[in-house]
Amino acid sequence: MGDGRDVDTLLGFPRHARANVIPCPNQFSNPRCLPIKNRCNLLKMYGVLMSNCRQIADSKLSPVARSRDRVGGDAAQSADSGSSNWCGTPQFLIANPRLEPPVTHSKQSVATPSNSEFSHVFSSGFLRIPVLQSACSRRTGCNLPPRSNFRPEAGYSRELVLLGALLLVLLLAGFTAFASRMYHKTFHVLADQWFAQGDASFHAGNAAEALNDYRNALVYSPNNPQLQFHLARALAATGREEEAESYLVNLLSVSPGSGEINLELARSSARRKAGMAAALRYYHAAIYGEWDRDPLAMRWDVRRELCEYLLAQGTRIQVEPELIAMADNVPVTDIARQKIAGELLLRGQLWDRTLTVFRSVLAADPDDPEGLAGAGTAAFHLSEFPQAVEYLSRLSREKLADPQIAGMLEPSRQVIADDPFLGGLSKEEKAARTVRILALAESRAEQCASQSANQQGAPLADRAAGPDLQKLISQNAAMKSAWSERLLVRFPDRINDAMALAFQLESAADTCGPAQGPDLAIELLSQTRSGKNR
C-alpha cells in the first residue's frame, strides 16, 4: 500500500489464511509484481465470482436471514455449503493494493461490497471463491505457477534491455567509423588522382596546368605538406616567386632540416638574382640537411648545383672550395660523376685537380673521348705541352676539327718544336731554336712599333706601343751579334739571356693584339718558364 499498511490487515485476513494470498505490492517497488493489466483482469474475475456467490447464498437463506448483512451471510453460507460448485480449499486470493472495486462486464448490475461487508466476509478466517470445475478443483489441481517462479507475462529484464542498448550503440559506432573511413578514403583517392595528374603535367613541362591540378588536390587534402611543396614548385616555375616562397617558408618552419625545402628556397633566391647570400645559406642548409632517399648522392648533386651557380656568378674565390669539396666526394669508380666534376673543375680553372680527375677517368677507359679532351685541356693550361699533345692527338677526327681542340693542339706542337729547353737536345739544336725565337719576337715587336709610329698624333696612353718596346728593340739590336747561332753553340749559357729578351719582346708587343701562330707558342713557352699556370 502507498501508506505502508498491509493489504491482509486491511482486509481482515487471519494469519493462517495469509499463506494462500499472493501479496501484490506496488509494481514500481517490486519488478516481479504482476502488471496492472493482469491484476485488473483477476480482480474482475473475482468480482464475477463474488456476485455468483451472493446470488447462490440469497437463494438458500431464509427471508429473515436475507435481511442480514449480505456480505456476512454470503461468507457464512460459503463456509457451511457443501455444494460441488465450490472449491474445497481456497487456492489463492489476489489482493488489490488500492482496494479498488472490481469491475465486471456483466450486463446486469452487480452490487459492490462495502468495507463493512468485507469485514463480515473475512470474519470467518478465510474465503472460498467459486471457480469453474475445469479451471480449479481439488481433483485436477490449480495450474497457476508457484509464487517463486512468478514473472511478468510480456516484460523484459533490465539486464536484457541494457545489453540490447549496448549492442545497438556498438553497432552504430561501428557503422559511423566505417562511413567516416570511406568518406576520408574517397577524399584521399581524389587528392592522389589530382596530384598524379599534376605531377605528370609538371614533368612534361606544362607548369601552368600542373598548378591547377595541384590546387585541386589541395582542396581534398589541404594540410598535405607534399602537395604544398609541389604547388610551390609549380608557382616558382610559372614565375610567381613570392607566392612560392611563402609556401616554402611555412613548410620550412615545420621542417627546418628538410633538404628539399631548403634547395627550393635556394633556387628561388638564385633566380631572383637579388639574394646571393640567402641563396648560399639555403644551399648549404640543403647540403647538410635531411634527405629521405640516398642522402650522399643528393648532397653531392646540391653541391654541384651550387658550383654551377657560383661559376655563373663569376665568384672564383667562393667557388674554389666548393669545387674541391665536390671533387673529393666523388668515388673513383663513379665515372659519370668524375666527368661532371672534371668539367666543373675546368670551368673553375683548377687545372691540377682537373688533370687528376680525368686521369682517373682514363684509367678506367683509355680511349674515353671526354677524358682525353679534359686531360689534354688541363695539361695544355699547365704548360705540360708534351702531355697535351699526347692526349689531344688521340681524339677522333671529328673532335680534332673542333676549333677549341685545334687551338690547343697546334700551339702545343709548336712549343715542343721551338722549346730550346727540352731535354736531350744537342747544343746546335738549342742554339738554332733560340735564334729562331729571337727572330720571331723581333719581327712582331717591329710591327707593333711601326703601328705605334702611325699613331704619333694620338695621346701616349692611346698609342699601341710605349717607350718600353722601343727600348727592348734597341737592346736586341745591340746584342744580336753576341747572340748569333755560332756564339750560342760556343757559349750555351747565353741562351737563357737571349730567351728572356725574346719573352719580353713578345709581352710588350701584346699591346698591339693577341699573339697568333708561332708567336703564341713563344708566349706559351714564356708561361712555362715562369710557371704562371701552376
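Residues numbered from 1 in each chain as written. Predicted model: local features only at pLDDT ≥ 70, side-chain atom pairs only at ≥ 80, totals over all residues. Heavy atoms only, no water.

## Description of the overall build of the chain
When its secondary structure is counted, the chain shows 24 helices and 2 strands. In the chain, which comprises 534 residues, the share counted as buried stands at 38%. Within the chain, contacts between residues separated by at least 24 positions form 57% of all contacts whose residues are at least 6 apart in sequence. Summed over all atoms, the accessible surface of the chain reaches about 31,000 Å², with 54% contributed by carbon and sulfur. (Helix = DSSP H or I, 4+ residues; strand = E, 2+ residues; numbered from the N terminus. Buried < 20%, exposed > 50% of the residue type's maximum accessible area, 1.4 Å probe, protein only. Contact = heavy atoms within 4.5 Å. Areas by Shrake-Rupley, 256 points an atom, 1.4 Å probe, with all protein chains shown as cover.)

## Topic: the state of the cysteines
Applying the stated criterion across every chain, the model contains 1 disulfide. Linked covalently through their sulfurs, Cys-448 and Cys-512 form a disulfide whose S-S length is 1.7 Å. Where Cys-448 bonds to Cys-512 through sulfur, the torsion about that S-S bond is close to 75°, and the disulfide is right-handed. Taken together, the residues Cys-448 in helix α20 (residues 427-453) and Cys-512 in the loop between α23 (494-509) and α24 (518-530) connect sequence positions 64 residues apart. (Disulfide = S-S within 2.5 Å.)

## Considerations on the packing of helix α10 (residues 259-272) against helix α11 (residues 276-287)
When two helices pack together, their arrangement is given by the angle between the helix axes and the distance between those axes. Where α10 meets α11, the axes come as close as 8 Å, and the angle between the chain directions of the two elements is 160°. In terms of orientation, α10 and α11 fall into the roughly antiparallel class. Once α10 is placed against α11, the crossing between them reads as left-handed. Note on element contacts: α11 touches α10 through Ala-278, Ala-279, Tyr-282, Tyr-283, Ala-285 and Ala-286, opposite Gly-259, Asn-262, Leu-263, Leu-265, Ala-266, Arg-267, Ser-269 and Ala-270. (Axes fitted to C-alpha atoms, helices over the stretch in contact; angles between N-to-C directions. Parallel < 35°, antiparallel > 145°, perpendicular 65-115°, else oblique. Left-handed = near helix turned anticlockwise from the far one by under 90°.)

## Concerning the packing of aromatic side chains
Within the structure shown, the criterion is met by 3 aromatic pairs. Relative to Tyr-309, the ring of Tyr-283 has its centre 6.0 Å away and its plane inclined at 35°; by these criteria the two rings are tilted. With Tyr-283 in helix α11 and Tyr-309 in helix α12 (residues 295-313), the pair connects residues that are 26 residues apart, well separated along the chain. We note that Tyr-283, like Tyr-309, is buried. (Phe/Tyr/Trp six-rings, centres within 6.5 Å; stacked < 30°, edge-to-face > 60°.)

## Points about the environment of Leu-488
Position of Leu-488 relative to the elements: it lies in helix α22 (residues 485-490). For Leu-488, a relative accessible area of 0% puts it in the buried group. For the pair Leu-488 and Lys-427, spaced 61 residues apart in sequence, the C-alpha to C-alpha distance is 8.2 Å.

## Remarks on helix α7 (residues 207-220)
In this model, α7 (14 residues) spans 20 Å end to end at C-alpha, consistent with the 20 Å of a helix rising 1.5 Å per residue. For α7, the set of buried residues is Ala-207, Ala-210, Leu-211, Asp-213, Tyr-214, Ala-217 and Leu-218. (Expected span 1.5 Å × (residues − 1).)

## Things to note about the confidence of the model for the chain
Per-residue pLDDT for the chain has a mean of 75; in total, 66% of the residues score no lower than 70. Below a pLDDT of 50 lies the segment residues 1-8, which in the model reaches 12 contacts outside its immediate sequence neighbourhood of four places, other chains included. Below a pLDDT of 50 lies the segment residues 458-464, which in the model reaches 11 contacts outside its immediate sequence neighbourhood of four places, other chains included. (pLDDT = per-residue confidence, 0-100.)

## Describing the pattern of salt bridges
Using the criterion set out here, one finds 21 salt bridges in the structure. Here Glu-241 ties to Arg-271 by a salt bridge, and the two come within 2.8 Å at their closest N and O atoms. Taken together, the positions of Glu-241 in helix α9 (residues 241-254) and Arg-271 in helix α10 put the pair 30 residues apart, joining distant regions of the chain. Since its relative accessible area comes to 13%, Glu-241 is described here as buried. The partner of Asp-334 in a salt bridge is Arg-337, and the shortest N-O contact between them spans 3.0 Å. For Asp-334, a relative accessible area of 23% translates into the label partly exposed. Salt bridges sharing partners connect three or more residues here, namely Arg-233, Glu-264, Arg-267 and Glu-305. (Salt bridge = Lys/Arg side-chain N within 4 Å of Asp/Glu carboxyl O.)

## Quick look at the environment of Leu-438
With respect to the helices and strands, the residue Leu-438 is situated in helix α20. For Leu-438, a relative accessible area of 7% puts it in the buried group. Linking Leu-438 and Glu-506, residues 68 residues apart in sequence, is a C-alpha distance of 9.7 Å. Setting aside its immediate chain neighbours within four residues, Leu-438 contacts Asn-476, Trp-483, Ala-498 and Ala-502.

## Focus on the environment of Glu-506
With respect to the helices, strands and loops of the structure, Glu-506 is situated in helix α23. Exposure remark for Glu-506: the relative accessible area of 1% places this residue in the buried category. For Glu-506 and Leu-469, which are 37 residues apart along the polypeptide, the C-alpha to C-alpha distance reads 9.5 Å. Setting aside residues no more than four positions away along its own chain, Glu-506 makes contact with Leu-440, Ala-441, Arg-444, Asp-519, Ile-522 and Glu-523. At 2.6 Å, the side chain of Glu-506 forms a polar contact with the side chain of Arg-444. (Polar contact = N/O pair within 3.5 Å; in protein donor to acceptor, adjacent residues only side chain to side chain.)

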